[in-house]
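So you can see what is in the structure, the chains are spelled out below.
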Amino acid sequence: FKARYRWCAEMLRLFLSRSNTHNINNTRRSLVPSILSTSCSSYHSQQTVAHLRKNDEAREIFLVGTSHVSKASARETEELIRLVKPDVIAVELCEERFEQLKEQMKEDKEEKTKKTKKKRSFLGDFLAIVKNVSSNRDLGALDRCLAIGLKAFYASLKSSGMEPGEEFRVAIREAERLNARLVLADRDVNKTLKALRESVSVADVFGWFVYGEKKGGPTLPQEFEKMAAAGFNSTEMQDNMEAMKNRNAVGQMKKYMQFQFPNIMSAMVHQRDDEMADAIKREKDAEKIVMVVGLAHVDGIVERLAGEYTEVMSVNDSE
């Protein structure tokens, strides 16, 4: 009888032990979504984060969708990284853009130490861009024009008081603070420029100027039309930019662009989604990954990881 009692007691203990372990694991697995829904409610309301979990494995990915000129995006990036404490932080940067950003961060730090802010002008930045791009012999003439145009656009935003790429600066600093592995996930910028140049034909340019936009397709989101109508220095433009910062509005924008400019979308979005999703798949030893990308890339990366990962906290769901 005593032996049978001890056997029953041992079975009960093992059962309770396994049940408690199961409950603890379930609690741990549900903890981050719970915290995100309370501490970082802006992620839900603005629909800027996708939380993925690897099928049958305790691995998680947090895709932070940002606007590259949004101060709020930089704050949200910092909040999420400090909340999740990932062992890998991936960013939408290539080696060249990373080095340029590191140089800018170094200059900003030196200016802060000297307590004198270097006076910036769009003309000065533009001339520096032309000099820098012209020295790159790997680019053809048209590639250089495209590079100058894109860089000049971001320089104009910077001279207007915005700071493009601040969320990437935050991610780099947080990776250093946490001793997390920093992954440069994007395709080389020069390859992207080449793909962009090859995606646009003379007939395309002629058609856009003569006929304008194609008829009968998806329309632009109202938030984007309002943002485009506002000036760079306008508070209204920044408000509209924040209103655009959700997956639904960006999804509508992508559908419009896909209908109007399918080749450009392939070069600038879809091909890079492939590259960044592959970068994530290569991180086989990481338990928690935070990936910081433009919001236009979030859904594409989620789709490409769908066979291995499941979105466990759909930020497209209404609260």
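Note that the structure is a prediction, hence the values are computed from the model and not measured.

1. Overview of the overall build of the protein
On a plain count of helices and strands, the protein comes out with 14 helices and six strands. Across the 319 residues of the protein, 40% fall into the buried class.

2. Some words on the packing of aromatic side chains
The geometry of an aromatic ring pair is captured by two quantities: the separation of the ring centres and the angle between the planes. Tallied over the full model, the rule gives zero aromatic pairs. Lys 214 extends its terminal NZ or CZ atom over the ring of Phe 259, reaching a point 5.9 Å from the ring centre.

3. Focus: the side chain of His 51
Structurally, the position occupied by His 51 is in strand E1 (residues 49-54). When its relative accessible area of 0% is taken as the criterion, His 51 is described as buried. A polar contact is formed between the side chain of His 51 and the side chain of Glu 60, at a distance of 3.0 Å.

4. Side note on the environment of Ser 70
For Ser 70, the location among the structural elements is in the loop between strand E2 (60-66) and helix H3 (71-84). By relative accessible area, which is 4% here, Ser 70 ends up buried. Reaching out from Ser 70, the side chain makes a polar contact with the side chain of Lys 245 at a distance of 3.3 Å.

5. Focus on the pattern of salt bridges
Evaluated as defined, the whole model comprises 17 salt bridges. Linking Glu 78 and Arg 82 is a salt bridge whose minimum nitrogen-to-oxygen distance equals 3.7 Å. Residue Glu 78 and its partner Arg 82 are located together in helix H3, separated by four residues, close to a single helical turn. Across the salt bridge formed by Arg 97 and Asp 186, the nearest N and O atoms sit 3.0 Å from each other. Of this pair, Arg 97 sits in helix H4 (residues 95-114) while Asp 186 sits in the loop between strand E4 (181-184) and helix H8 (189-199), placing them 89 residues apart in sequence. Judged by relative accessible area, which is 23%, Arg 97 ranks as partly exposed. Taken together, the salt bridges that share partners define one network made up of Glu 78, Arg 82, Glu 174 and Arg 177.

6. A short note on the nonpolar core
Of all hydrophobic cores here, the largest spans 23 residues; its most connected members are Ile 61, Leu 63, Met 291, Ile 301 and Leu 305. Looking at this core, the elements with two or more residues in it are E1, E2, strand E3 (88-91), helix H13 (262-282), strand E5 (288-294) and helix H14 (295-304).

7. Some words on H13
An α-helical turn contains 3.6 residues, so any two residues separated by three or four positions project in the same direction. With 21 residues, H13 extends 29 Å from end C-alpha to end C-alpha; this agrees with the ideal 30 Å at 1.5 Å per step. Within H13 the residues assigned to the buried category are Ile 264, Met 265, Ala 267, Val 269, Arg 272, Asp 273, Met 276, Ala 277, Ala 279 and Ile 280.

8. So, the packing of helix H12 (residues 247-260) against H14
Contact pair H12 / H14: the axes reach a minimum separation of 9 Å and the direction vectors enclose 85°. In terms of their interaxial angle, H12 and H14 are classed as roughly perpendicular. Within the contact between the two elements, H12 uses Arg 247, Val 250 and Lys 254 and H14 uses Leu 295, Ala 296, Val 298, Asp 299, Gly 300 and Val 302. For the contact of H12 with H14, the per-class residue count stands at five nonpolar, one polar and three charged.

9. A few points about the confidence of the model for the protein
Per-residue confidence for the protein gives a mean pLDDT of 75; residues scoring 70 or more make up 62%. Considering only residues more than four positions removed or in separate chains, one finds that residues 314-319, a stretch of pLDDT under 50, has twelve contacts.

10. Comments concerning a nonpolar patch on the surface
On the surface, a nonpolar cluster with roughly 700 Å² of combined accessible area is contributed by Val 205, Phe 206, Trp 208, Phe 209, Val 210 and Tyr 211. In this fold, Trp 208 is placed in helix H9 (residues 202-211).

11. Side note on the pairing of E5
Taking burial as the measure, the seven residues of E5 include six buried ones, the bulk of the element. Sheet topology places E2 next to E5; seven bridges connect them, and they run parallel. Across the sheet, residue Leu 63 finds its bridge partner in E5, namely Met 291. The sheet contact formed by E3 and E5 spans four bridges and is parallel. When the sheet's bridge partners are listed, Val 91 is paired in E5 with Val 292.

12. Things to note about the packing of H8 against H13
Put simply, H8 and H13 touch, their axes get as near as 7 Å, and they point 155° apart. In terms of axis orientation, H8 runs roughly antiparallel to H13. For the pair H8 and H13, the crossing hand works out as right-handed. In this structure, H8 uses Thr 192, Ala 195, Leu 196 and Ser 199 to contact H13, whose residues at the interface are Asn 263, Ile 264, Ala 267, Met 268, Gln 271 and Arg 272. A per-class count over the contact of H8 with H13 returns five nonpolar, four polar and one charged.

Reading the values: rules and limits
Within each chain, residues carry numbers counting from 1 in the order of the written sequence. In view of the model being predicted, local features appear only for residues whose pLDDT reaches at least 70, and side-chain atom pairs are presented and counted only at 80 or more, with totals across whole chains, interfaces and linings using the full set of residues. Calculation of side-chain values draws on the structure's entire complement of heavy atoms; hydrogens and water are dropped beforehand. Secondary structure follows DSSP: runs of H or I at least 4 residues long count as helices, runs of E at least 2 residues long count as strands, and numbering of each begins at the N terminus. Burial classes: relative accessible area under 20% of the type maximum marks a residue as buried, over 50% as exposed, and values in between as partly exposed (1.4 Å probe, protein chains only). Aromatic rings from Phe, Tyr and Trp, with only the six-membered ring used for Trp, were paired whenever their centres fell within 6.5 Å, and each pair was classed as stacked if the ring planes differed by under 30 degrees, edge-to-face if by over 60, and tilted otherwise. The rule for a charge over a ring is simple: NZ of Lys or CZ of Arg within 6 Å of the ring centre, and within 35 degrees of the ring normal. Two N or O atoms count as a polar contact when they lie within 3.5 Å, although within protein this holds only if one can serve as hydrogen donor and the other as acceptor, and sequence-adjacent residues are included solely when both atoms are side-chain atoms. A carboxyl oxygen of Asp or Glu within 4 Å of a side-chain nitrogen of Lys or Arg is what we treat as a salt bridge. Throughout, nonpolar core names a set of buried Ala, Val, Leu, Ile, Met, Phe, Trp, Tyr and Cys residues whose side chains join them through atoms within 4.5 Å. A helix is expected to reach a length of 1.5 Å times the quantity of its residues less one. Inter-axis angles, ranging from 0 to 180 degrees, are taken between N-to-C directions of lines fitted to C-alpha atoms, where helices are fitted over the stretch in contact. Each angle gets one of four labels, with under 35 degrees taken as roughly parallel, over 145 as roughly antiparallel, 65 to 115 as roughly perpendicular, and the rest as oblique. By definition, residues are in contact when any of their heavy atoms lie within 4.5 Å. Here the term charged refers only to Asp, Glu, Lys and Arg, the term nonpolar to Ala, Val, Leu, Ile, Met, Phe, Trp, Tyr, Cys and Pro, and the term polar to all other amino acids, Gly among them. The pLDDT value expresses, per residue, how confident the predictor is, ranging between 0 and 100. Think of a patch as exposed residues, more than 30% relative accessible area, with no salt bridge, where like charges cluster within 9 Å and nonpolar side chains (Val, Leu, Ile, Met, Phe, Trp, Tyr) cluster within 5 Å. Each accessible area is a Shrake-Rupley result for a 1.4 Å probe, and residues are judged covered by the shown protein chains and nothing else. A strand pair is defined by DSSP finding two or more bridges across the two strands. In a left-handed crossing the near helix is turned counterclockwise from the far helix by less than a right angle, and in a right-handed crossing that turn is clockwise.

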